Amino acid sequence: MVREPSIALKTIMPFSENRVKQRSSDLEDEAPLIQNRYDDWAEETSSPVSPRRRRNVGTSTSTTNISSSRSPQAKARTISFHASGYIVTYFGPLCFVLLVTIGKEAYDDWKRFKRDQENNSQKYEIMTRNGIKLVPSSKIRVGDLILINKDQRVPADLILLRTTETSGACFIRTDQLDGETDWKLRLAVPYCQKLPSNESLLHIDAEIYADIPHKNIHNFIGNFSKSTPENLTPHIDALNVENTLWMNTVLASGTAIGFVIYTGKETRAVMNTSHPETKVGLLDHEINRLSKILFVVTLLLSLLLIALNGFRGLWYIYLFRFLILFSSIIPIGLRVNLDMGKTVYAYQIMNDDEIPDTIVRTSTIPEELGRIEYLLSDKTGTLTKNEAHIPRATRTAVPTSTIIVGRSRRDMTSRIKDIVLALALCHNVTPVIDSDNVITYQASSPDEVAIVKWTEYVGLTLVFRDINEMHLRTKHGDVLKFQILQIFPFTSESKRMGIIVKDETTEEIFFYEKGADVVMSKIVQYNDWLDEECGNMAREGLRTLVVARKKISADVYNDFTHRYHEAKVSLSDRKVQEQAVINAILENELELLGVTGVEDKLQDGVKTTLELLRNAGLKIWMLTGDKIETATCIAISSKLISSRNQIIHQISKLQSIEAALDELASLQARRDCCLVIDGESLQLYMDHCQFEFIELAVELPVVVACRCSPTQKADITRLIKKYTNKRICCIGDGGNDVSMIQAADVGVGIVGKEGKQASLAADFSVIQFSYLTKLLLWHGRNSYKRSAKLAQFVIHRGLIISVIQAVFSSIFYFAPIALYQGMLIVGYSTVYTMAPVFSLVLDKDVSEDIALQFPELYKELTKGRSLSLKTFFQWLMISVYQGGAIMIMSIVLFEDEFINIVSISFTALILNELLMVAFEINTWHRLMFLSEILTLAIYIVSMIFLPTYFDLLFILTETFVWKVAVITAVSSIPLYIIKFLRRRYAPPSYSKLT
């Protein structure tokens, strides 16, 4: 009768007999995770589990007798027992992952620290009674007088006291504060500017009042008070934002002296430095859910093995051991792999020659580009170029020439002169003359520059301007001089700007004002043509601007100046009081001069891009501040509305909830129409019937929201996210789009005429709207598909080795014995498999041409089928099959050489993983091929340097080679056959196109 193998419950660590005794000494410095005390295990499991096996158990050593009919001379070997392996085996990978993550964050923090240190150590000149002192910016305190030179960064929030410019004005660049590239005009305190020298500032008895620190960079309330001996009433100059130099702005002209009012955390720049929550992609949430499932699998598998052993002895200790053994089920290294993959995706995006100057500012969400279902876009500067052109200025609905005027008692020439002069004077444009005597214009709005260029074209050129005067040159060479008395800047709240000028020739005083028609129509004299003409222009896609004027006498102006000064020096409700004075004296019964129509052309490729994105299944919303007519015209011309036959359902000027609900009821039957809604009606829905509106609106293919405020844009974004749980992309180019961009799952900023504010706040920065096509349809597809495949393969890599461990423990009395230890378990997830698995980030399921030519393929991505519970459980079953096949086949085929079970099964495992990677690749890249070859070579070479685990005399035999090949074939070939049959009879949608 042939003896069955007698195998002790000890770690099966094969090695040659001449290394048996040195094994314990080699590792005596390595403390096992759980000390070897298993006498109780021997007693508690004394009843035989299998009639085929008999145990010989000792306290420190054991004898493993293996005999069979084929190998009767098999000798006993002494084996050191380490139940679950060494602690470095399990905590090493975790520490590595933590070190990589911590190192990456530490490096970013170190770079940030160095930048801060560099900024804080910059030297600035401070005026003192003892002369000029150089101090680092970190030592600047409130009350210091700082001398700022041209092109120097402002280190704190300052009040501009003096400037070397004789006009008392200077220009600053604010692109690092608000993203706007145009220069801003700043004014010195009038009293200080009139002092004879800079040193006089050190000897005046004055004080500055500044309001409490707040975030609004466009608002400041303060007073400059100077006590004079001869007057009991101090001299007071009102201070506003035009008298300030905010930190991080750059002086663009002259030299300035500023008084420090805020430093450090109280500065506008720091208070506006938002720390938005890190955006987490949908794929990361899905992987987190799968990780929770894997933890439950680990726990249940451990409990199952304990239960099958009858919960004998200190079963909770054994449970802990099993949890450690199966810890590879939870993919600790997945985060490192995904982060490195995202870095690769970001590099590919930023180095794509077809979308130059694209910047990835948030590298954690590139795969979100492949899951977008809603696109919310601004209009001006995003779909259009924001390069304004004025095709005509009009006063009547009958256009007959470049400038159209209405019926008037005065002759046409006089009316033309009035409207052109108004446009040439009512603005904030400053001419800059270069060395070649070429005039360029600086302004905060491209529309203003367009207007001034148009007046230059028709014969009235702006040649000089400072805070006190403006000079215009006629086409005959005559210079018209005007004194600037007051300026009322444009704000998003007022939607208009005004100026009071005095003609130095005639001594006449005029108040000119221009603004949006909705505002100006209420303050101009009665007329019967303004609304109609504005509507006509809007239908042609023009942005309208109404121009009006009012002649005021010297007495009226003096009265206005007195009352307005009192309002300006008020410290409470200053803006309200200022506006009340303006309304009472200036903004009533203005003479309507005309309406300008500003044309904004579409960006290149907008029509094609919108059509492709619509075919890709995206629902597109256009959110703009323009009128309904203008927005509708742009929507049609840009092909946002697919055809002129598509029904346009317009909702505007709703006043009651009943009317709002009636509109929704009529819209219910038009699910394929385009909805155009104004901001007032939209706010009514948001306030009173939010759910009913959004439920219907998200089903529409196109929505155009007009007269939207920045807050409304952000609210709409959040509402769609909350209601649909779909991925939303918002794209814009201006500061008014920042809130919307930050609220979106993916924010895209365009570097445009309005500056870089949107670009700096966005996750992705582009220079053209048309780049969105490749960003979503190609890079988004690749990022999502690759990350999904990489995640599932890393999970599979941990599952299969745990299944092998579970089968091994089940065969040997459900003992928590580690099959793979030391370098094997560490190398498995690093040098032996990492490179081939990570090379999946270079895979492509379709070519770029196919992805862009057939945008319908994008619809499949939004369904999330590449990583789902279905695919997860498919990979789980694959891991169970392959792990079980490798372990069982190793035992069956190598029963005579059972002492080499580690090298046998591990070799088959590595070969299986390399084959599985090869089976999953759709398009081979040279780095993929290289990673497979090098990894196989590294594994073969490592066998020589790891004699503890690999017996070279046995491995070099033909028996080892062909049996390992059979095991690998059994574990992998059936899966390839299944995959081949599935592709043959149930091919994916894209396979027919390749």
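Going along each chain's sequence as written, the residues are numbered from 1 onward. A pLDDT threshold of at least 70 governs which residues receive local features in this predicted model, and a stricter bar of 80 or more applies before side-chain atom pairs are shown or counted, although totals over entire chains, interfaces and linings include all residues. Only hydrogens and water are removed before side-chain values are computed, so all heavy atoms of the structure are retained for them.

**A few points about the sheet that holds strand S32 (residues 727-732)**
Sheet strands pair by backbone hydrogen bonding; their relative direction is either parallel or antiparallel. If you trace the nine strands from one edge of the open sheet to the other, you get S15-S34-S33-S32-S16-S28-S31-S30-S29, paired in mixed fashion. Whereas interior strands pair on both sides, the edge strands pair on one side only; in this sheet they are strand S15 (359-360) and strand S29 (648-651). As paired strands, strand S16 (residues 372-377) and strand S28 (residues 619-623) are joined by four bridges and run parallel to one another. Residue Leu375 lies in a different strand from S28, and its bridge partner there is Ile620. One requirement defines pairing of two strands: DSSP has to find at least two bridges between them. Labels follow the DSSP assignment, with helices taken as runs of H or I lasting at least four residues and strands as runs of E lasting at least two, numbered in each case from the N terminus.

**A short note on the environment of His925**
Looking at the secondary structure, you find His925 in the loop between helix H30 (901-920) and helix H31 (926-945). His925 sits 86 residues away from Ser839 along the chain, and the two C-alpha atoms are 8.6 Å apart.

**A few points about the packing of helix H19 (residues 679-688) against helix H21 (residues 710-724)**
Two elements in contact, H19 and H21, have axes separated by 12 Å at closest approach and are oriented at 45°. Taken together, H19 and H21 sit at an angle that is classed as oblique. Where H19 crosses over H21, the handedness of that crossing is left-handed. Across from Gly679, Leu682, Gln683 and Met686 in H19, the residues of H21 making contact are Gln712, Asp715, Ile716 and Leu719. The residue inventory of the contact of H19 with H21, partitioned by class, reads four nonpolar, three polar and one charged. Whenever a helix is involved, its axis is fitted only over the stretch in contact; in every case the axis is a line through C-alpha atoms, and angles between N-to-C directions fall within 0 to 180 degrees. In what follows, roughly perpendicular refers to angles from 65 to 115 degrees, roughly parallel to angles under 35, roughly antiparallel to angles over 145, and oblique to any angle outside these ranges. Crossing handedness follows the turn of the near helix against the far one: under a right angle anticlockwise gives a left-handed crossing, and clockwise gives a right-handed one. Any pair of residues with heavy atoms lying within 4.5 Å of one another is described as a contacting pair. Following the grouping adopted for this structure description, the nonpolar residues are Ala, Val, Leu, Ile, Met, Phe, Trp, Tyr, Cys and Pro, the charged ones are Asp, Glu, Lys and Arg, and the polar ones are all others, Gly among them.

**Considerations on the sheet that holds strand S13 (residues 250-251)**
Taken in spatial order, the three strands line up as S8-S7-S13 in an open sheet, and their pairing is antiparallel. On the outer flanks of this sheet lie strand S8 (183-187) and S13, each paired with one strand and no other. Bridging between strand S7 (residues 169-173) and S8 involves five bridges; their strand directions are antiparallel. Note that in S8 the partner of Ala169 across the bridge is Leu187.

**Thoughts on the UniProt feature "active site" (unreviewed entry) in the protein chain**
UniProt positions are given in the numbering used here, feature names are shortened, and annotations may be inferred rather than shown by experiment. Per the UniProt record, "active site" (unreviewed entry) is annotated on Asp378. Along the chain, Asp378 falls in the loop between S16 and strand S17 (384-394). When accessible area is computed with a 1.4 Å probe and restricted to protein chains, residues below 20% of their type maximum are described as buried, those above 50% as exposed, and intermediate ones as partly exposed. Among the residues examined, Asp378 registers a relative accessible area of 5% and is labelled buried. Beyond its immediate chain neighbours, meaning those up to four positions away, Asp378 contacts Leu383, Leu623, Thr624, Lys713, Ile731, Gly732, Asp733, Asp737 and Met740. Among the polar contacts listed, one links the side chain of Asp378 to the side chain of Thr382, at a separation of 3.5 Å. In the analysis that follows, any N or O atom pair within 3.5 Å is treated as a polar contact, provided that within protein one partner can donate a hydrogen and the other can accept it, and provided that, for residues neighboring in sequence, both atoms belong to side chains.

**Looking at the state of the cysteines**
Throughout, a disulfide means two cysteine sulfur atoms within 2.5 Å of one another. Summed over the entire model, instances satisfying the criterion amount to zero disulfides. The thiol sulfur of Cys729 is not disulfide-bonded, and the nearest other cysteine sulfur, from Cys730, lies at 6.7 Å. Cys729 sits in the buried class, given a relative accessible area of 0%.

**Remarks on the pairing of strand S22 (residues 469-474)**
Remember that side chains alternate between the two faces of the sheet whenever the strand is regular. The sheet contact formed by strand S21 (residues 460-465) and S22 spans five bridges and is antiparallel. Across the sheet, Thr461 pairs through a bridge with Arg473, a residue of S22. Joining the antiparallel neighbours S21 and S22 is a turn of three residues. Here S22 runs beside strand S23 (residues 479-488); their pairing, made up of five bridges, is antiparallel. Residue pairing in the sheet places Met470 in a bridge with Phe482 of S23. Count of turn residues in the S22/S23 antiparallel hairpin: four residues, of which Gly477 carries a positive phi of about 95°.

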